[in-house]
There are 2 protein chains.
Amino acid sequence: MSNTKSNTLRLKRLGIDTHGETVLFMRDDCHVCLSEGLAQHTRVQVDIGQTSLVATVNHVSGNILLQRGEAGLSEHAWRQHGWMGDELIRVSHLDALNSLSQVRGKIFGKRLTQPQLSNIISDIAAKKYSNIHLAAFLTACAARGLEISETVDLTQSMVDVGQRIDWGNTKIVDKHCVGGLPGNRTTPIVVAIVAACGFTMPKTSSRAITSPAGTADMMETLAPVDLDIATMRRVVEKENGCIVWGGSVDLSPADDILIAVERALEIDSEGQLVASILSKKIAAGSTHLVLDLPVGATAKIRSLKDAEFLGKMLRDVANAFDIKTAIIQSDGSQPVGRGIGPALEARDVLSVLNNAVDAPQDLKQRAVTLAGALIDLAEKSKSGGGNQLALETLENGKAWNKFQRICDAQGGMRQPPSAAYHQSLKAAHNGVVHSIDNRRLAKLAKLAGAPDVPAAGVDFHVRLGEVLQNGQDLLTVHAQTKAALEYAFDYVSARKVIVEIGEPK
Amino acid sequence: MSNTKSNTLRLKRLGIDTHGETVLFMRDDCHVCLSEGLAQHTRVQVDIGQTSLVATVNHVSGNILLQRGEAGLSEHAWRQHGWMGDELIRVSHLDALNSLSQVRGKIFGKRLTQPQLSNIISDIAAKKYSNIHLAAFLTACAARGLEISETVDLTQSMVDVGQRIDWGNTKIVDKHCVGGLPGNRTTPIVVAIVAACGFTMPKTSSRAITSPAGTADMMETLAPVDLDIATMRRVVEKENGCIVWGGSVDLSPADDILIAVERALEIDSEGQLVASILSKKIAAGSTHLVLDLPVGATAKIRSLKDAEFLGKMLRDVANAFDIKTAIIQSDGSQPVGRGIGPALEARDVLSVLNNAVDAPQDLKQRAVTLAGALIDLAEKSKSGGGNQLALETLENGKAWNKFQRICDAQGGMRQPPSAAYHQSLKAAHNGVVHSIDNRRLAKLAKLAGAPDVPAAGVDFHVRLGEVLQNGQDLLTVHAQTKAALEYAFDYVSARKVIVEIGEPK
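Residues numbered from 1 in each chain as written. Chains lettered and ligands numbered in written order. Predicted model: local features only at pLDDT ≥ 70, side-chain atom pairs only at ≥ 80, totals over all residues. Heavy atoms only, no water.

1. Observations concerning the nonpolar core
Next up, step 1: Counting residues in hydrophobic clusters, the biggest one holds 60 residues, and the most contacted among them are A:Ile124, A:Phe137, B:Ile124 and B:Phe137.
Next up, step 2: In contact with B:Phe137, not counting residues within four places along its chain, are B:Val103, B:Leu112, B:Leu117, B:Ile120, B:Ile121, B:Ile124, B:Leu154, B:Leu258 and B:Gln272.
Next up, step 3: Formed by 43 residues, the second largest nonpolar core is a distinct cluster that contains A:Phe199, A:Ile243, A:Ala346 and A:Ala399. (Core = buried A, V, L, I, M, F, W, Y, C linked by side-chain atoms within 4.5 Å. Buried < 20%, exposed > 50% of the residue type's maximum accessible area, 1.4 Å probe, protein only. Contact = heavy atoms within 4.5 Å.)

Below, the structure written as structure tokens:
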């Protein structure tokens, strides 16, 4: 690379957030562009002091954004590196990434070896892949499939590029639900139960990716979740458990990058899914893991066969990392609890924890089952003992007490907000609930504003098989603005069937 | 979709060229972003008057770029639609593209049907796919492969979304070389020969994608190539032939979009390659087509087996469109002629056309072979008759005369430029040329500035098997600036072997 002075430009902050991909904005008549032949989409190396990063060139014309001798970098890089502006940057051609030829190999059917996956994931974590490269890697893994051994290597590579929490010899219990079921917010209840029983459960949860609420979004309406590792450790040492946002502890940075592209593609292949889940568990130090796989026509896992396949893959890969697992297949045919959206789900969680008379029994039942399975797994006790203990711990108020202490330790318990506007959808005729479309229900909650507006979402009032009267409320949309409410109702009233009401069977 | 006034923003031109993907720049605190929940990477529909387009959201923070109520669109859209600025735009959620679920089907192994491919290609041509989606489509086609019938449907779909030139009942002859061989600039010579023989050859050529020169780049140093269809037609009616840039006649817009992403991925799978080549030939109205497939270790096609496979696929798909083909496998082990880069290649072409004593014989030979095969194919004459006619037409000056007339008709013949700086690489010891790395040679020419700097490139002086003396010139780099010359020499002298010199065999 030529390091001549002529390659130097002055950095200007433009405030453009290009999200995943780092973009270098350069004038199309810039001397560096011309002398180095930096066309659109060229991947370049940018050196700023001791920092070196990879960016994609976007040309800028005219004098609006950049003066001669100036260049801009997208916002993510500014936040990460704390520049002040006016820094001098040096731009040079990027050598071809070796790991991309391994991605091409996978496209054409070659198995990926451990060192190859390690190279690929290191380059991804270092943000050297453009969105085009990330999409090709994910698509190749989906189309060609990943063997168990490849998935183990992928998982290990993801763990290697992130932080890893060491809990010494303590048994660390954890649970994970392979999403897709609105309102299925068992995590805080499970943490409260097992922590109250003396087990250590330092839970890191995600924010919503495509759903109306992630566990972290819901929990944030009750307590701070943005804890760094040191604070998280203090909470766990004090209370045996926590429920924090995994993103702030940077457990699997490559996975976070890949997930953004998977979301745009709406693909989620088994190998990537398993590596994504387990890399975060391994990094978090988990030793005992219960996996909840809800199965239903409109859930993420659509058939028992798919659940068997995914469950076996999860168990095999977890075994390779000495994590003990229990897999629980659950009913994925309808939402869990009533609320869908951060604050509405928090309300359901609180009602189960403090044993309110109107608490949703399905949510309670699921939480107890998972907590019980986790206790059995960690204790190596006979099946059933854990379930009984979990139920008692919930019903005698010890779990509720523990939950409040955890919230206090995380920074103080809060009251979930409620929304300013509500409107109900009513049954158009008498009949029986034949089916519920989970995906459309989730979409409706998102259109109402969830998860960005915590109070927004949907309260869902009916169950499969329930007998309905004409005019009875099916669901209530909660929104913070009248416009958002109308926007959501456009979707529900005019276009899509969420609840199918038929003749009694 | 809600069409309320509250979704309206005022358009501001920012001058940012994001190339393939249309980007909508919105303030992160913009009321439309907040009310519609438009996160980073959200794909949205933008309505401006009667125009509707699809864009990807990029958030902008602070007041540098956008004031409240303003939004920006990337430069490509401005150029296409001729806005003045201050237009009112309406932003709304984009319904999921149906064709993306068909791309997902292909990822997971489903065959693509004709209507599905038609949907996919229509959405691509309408710029509804993000780069992530384009990369997934290309990767899926490469990983899962395309059957002949899928490739036929893909080709047809690409033709359907572009312009198509109708030449009535005239036989239209054409040639295509499946690239990868520096300096292999036979096209202008072939056009001149066959047009002088009375055949109609309205040649549309590409600019360089990854090479140091495309035929259009080279031809542009001799005459204008930016002709619209009407002007191209006038040239052909007058002279039987032309050599113009295909991009200005918009023959396969979906292919142009896909090629940009293939370039970033450096993948070029057979199905896509065949559809890319043939869609442009069909759109150009070709009826008789000679395909040149150079085979060599560092050429695009690396083995005879690959050439057989690709040749068969090209023939089968061409047959489905009633195009007569002849496939010629040629030697791809070393560059053709001497010059590599637009002006240097033009110089070689001219020397062959006007029968200069030092004209490169390999370039002449290849051009005569292809022109001869084309004449045989179009005449249905016995093999050999065409070759003899082609050679005579070149050597008696009729081809040179025709070439000058074509240049005049295209807007006037020009003198190719020459570069300001030259430096030669010399043999480090006595020996024999054992191998030549075409890819590194092409890279060197690009580092020197080709094709953006037309005079830049490489003159290559030696042939395989040639006996060399220590200090003899191997190649000469031509550059327009001293910096570019040094930059190119950094690559050649310090790091990469382009010419391997060994013991006599």
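Still to come is the rest of the account.
2. Brief notes about the domain arrangement of chain A
Next up, step 1: You can read the domains of chain A as domain 1 (5-93), domain 2 (173-249 + 277-410) and domain 3 (421-502).
Next up, step 2: Taking only C-alpha atoms into account, the centre of domain 1 of chain A sits 44 Å from that of domain 2 of chain A. (Domains from an automatic or database assignment.)

3. Re the sheet that holds strand E11 (residues 288-295) of chain A
Strand pairing within a sheet occurs via backbone hydrogen bonds; the two strands may be parallel or antiparallel.
Residue and element names in this part refer to chain A.
Next up, step 1: If you walk across this open sheet you meet the three strands as E8-E11-E12, and the pairing is parallel. Bordering the open sheet on either side are strand E8 (173-177) and strand E12 (324-331), each of which pairs with just one other strand. Within this sheet the neighbouring strands show an average axis-to-axis angle of 20 degrees, counted without direction.
Next up, step 2: Across the sheet, helix H11 (residues 270-283) is in contact with E8 and E11; its angle to E8 comes to roughly 160 degrees. (Pairing = 2+ DSSP bridges. Helix = DSSP H or I, 4+ residues; strand = E, 2+ residues; numbered from the N terminus. Axes fitted to C-alpha atoms, helices over the stretch in contact; angles between N-to-C directions.)

4. A few points about the packing of aromatic side chains
Residue and element names in this part refer to chain A.
Next up, step 1: The full count for this structure, using the stated rule, is two aromatic pairs over all chains.
Next up, step 2: With centroids separated by 5.6 Å and ring planes inclined at 80 degrees, the aromatic side chains of tryptophan 78 and tryptophan 83 adopt a geometry described as edge-to-face.
Next up, step 3: Seen from the ring of tryptophan 245, arginine 207 lies directly overhead, with NZ or CZ sitting 4.5 Å from the centre.
Next up, step 4: Lying across the ring of tryptophan 167, arginine 233 places its NZ or CZ 4.9 Å from the centre. (Phe/Tyr/Trp six-rings, centres within 6.5 Å; stacked < 30°, edge-to-face > 60°. Lys NZ or Arg CZ within 6 Å of the ring centre and 35° of its normal.)

5. Some points on the relation of the copies chain A and chain B
Both copies of the chain are related by a screw-like operation: a rotation about an axis and a shift along it.
Next up, step 1: Of the two same-sequence chains, chain A is brought onto chain B (RMSD 0.0 Å, axial shift 0.0 Å) by a rotation of 180 degrees. Such a combination of turn and shift is consistent with a two-fold rotation axis.
Next up, step 2: Of all interface residues in chain A, 100% are interface residues in chain B too; the two copies therefore contact each other through one and the same surface. (Least-squares fit on C-alpha atoms with pLDDT ≥ 70 in both.)

6. Some details on the packing of helix H4 (residues 114-125) of chain A against helix H10 (residues 253-265) of chain A
The packing of two helices is summarised by the inter-axis angle and the distance between the axes.
Residue and element names in this part refer to chain A.
Next up, step 1: One can describe the packing of H4 onto H10 by two numbers: an axis separation of 8 Å at closest approach and a directional angle of 80 degrees. One element, H4, and the other, H10, form an angle in the roughly perpendicular class. Judged by residue contacts, Ile121, Ile124 and Ala125 of H4 engage Ala254, Ile257 and Leu258 from H10.
Next up, step 2: The residue inventory of the contact of H4 with H10, partitioned by class, reads six nonpolar, no polar and no charged. (Parallel < 35°, antiparallel > 145°, perpendicular 65-115°, else oblique. Nonpolar A, V, L, I, M, F, W, Y, C, P; charged D, E, K, R; others polar.)

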